[in-house]
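A look at the structure
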Amino acid sequence: RVITSLGDFSIELFDNFTPITVANFLNYVNSGRFNGTVIHRSVPGFVIQGGWLSYNDATNQLDQITTDVAAQNEFSVSNTRGTVAMAKVGGDPNSATSQWFVNLADNSANLDGQNGGFTAFGRVTGDGMTVVDNISAQPTFTIAGIANFPLLNYSSTGGMIGPANFIEVAMFVDGPNFFDTAKGLLYVS
């Protein structure tokens, strides 16, 4: 479950197709490192991205979260609208750490063949894309050298940035739903 300043949405994880990536993602979720992070990139019609920075109110700075060793690339699911994938360094297919993004459109033509393919490890469920689309509709600015940074209620004409301007994120595991292929049963919590 993803809790944001603009609403909540759920992600179904593809642990059958991308077990390494899902385990990596859940390690960040369960450790609490995603709590207090911000959406730091929004490109309408492409992606919103988070899992990298948190706002430090005491220093008025953006701090990077502590990352783990990069995960092995597991590209197998196309980057279509609503899928959630891992960001990585250009030219290194096995460089995904903590940064994740939601595809706002069918990006398969671009992302599936680039850099070994971007590992889509889940998808936004239910009406969650309404929240994601609302996030992508917010105005963006260049903040601390980072372009396409979405901010709430901010004017670039001399305004001071504070915690209320960021789209903050918190995440938690909301029960293990899974499909038992051997029994043909879907277990829902």
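My aim in this report is to walk through the structure given alongside it, one point at a time. (Residues numbered from 1 in each chain as written. Predicted model: local features only at pLDDT ≥ 70, side-chain atom pairs only at ≥ 80, totals over all residues. Heavy atoms only, no water.)

**So, the pattern of salt bridges**
Note on pairing: side chains with opposite charge can pair once their charged atoms come close. Within the structure shown, the criterion is met by 3 salt bridges. Close ionic contact of Arg33 with Asp68 constitutes a salt bridge, the shortest N to O distance being 3.0 Å. In this pair, Arg33 sits in the loop between helix 1 (19-31) and strand 4 (37-38) while Asp68 sits in the loop between strand 8 (61-64) and strand 9 (83-86), placing the two residues 35 residues apart along the sequence. A relative accessible area of 27% means that Asp68 is categorised as partly exposed. Notably, a salt bridge pairs Arg81 with Asp133, separated by 2.6 Å at the nearest N-O pair. Taken as a pair, Arg81 in the loop between strand 8 and strand 9 and Asp133 in helix 3 (residues 128-136) lie far apart in primary sequence, 52 residues in all. Overall, Arg81 belongs to the partly exposed group, its relative accessible area being 42%. (Salt bridge = Lys/Arg side-chain N within 4 Å of Asp/Glu carboxyl O. Helix = DSSP H or I, 4+ residues; strand = E, 2+ residues; numbered from the N terminus. Buried < 20%, exposed > 50% of the residue type's maximum accessible area, 1.4 Å probe, protein only.)

**A few points about the side chain of Asp112**
Secondary-structure assignment places Asp112 in the loop between helix 2 (108-111) and strand 11 (120-124). Notably, Asp112 is buried but unbridged: the nearest opposite-charge side chain belongs to Lys88, and the N-O separation is 9.6 Å. A distance of 2.8 Å separates the side chain of Asp112 from the side chain of Ser78, its partner in a polar contact. Engagement of the side chain of Asp112 in a polar contact is seen with the side chain of Asn79, the distance being 3.0 Å. If sequence neighbours within four positions are ignored, Asp112 has contacts with Phe75, Val77, Ser78, Asn79, Asn107 and Gly117. (Lys, Arg positive; Asp, Glu negative; His and termini not counted. Polar contact = N/O pair within 3.5 Å; in protein donor to acceptor, adjacent residues only side chain to side chain. Contact = heavy atoms within 4.5 Å.)

**Concerning helix 3**
Owing to its 3.6 residues per turn, the α-helix brings residues three or four apart onto one side. Taken together, the buried positions of helix 3 are Gly128, Met129, Val131, Val132, Ile135 and Ser136. Viewed along the axis of helix 3, the buried residues span an arc of 155 degrees, placing them on a single side of the element. (Arc of directions from axis to C-beta.)

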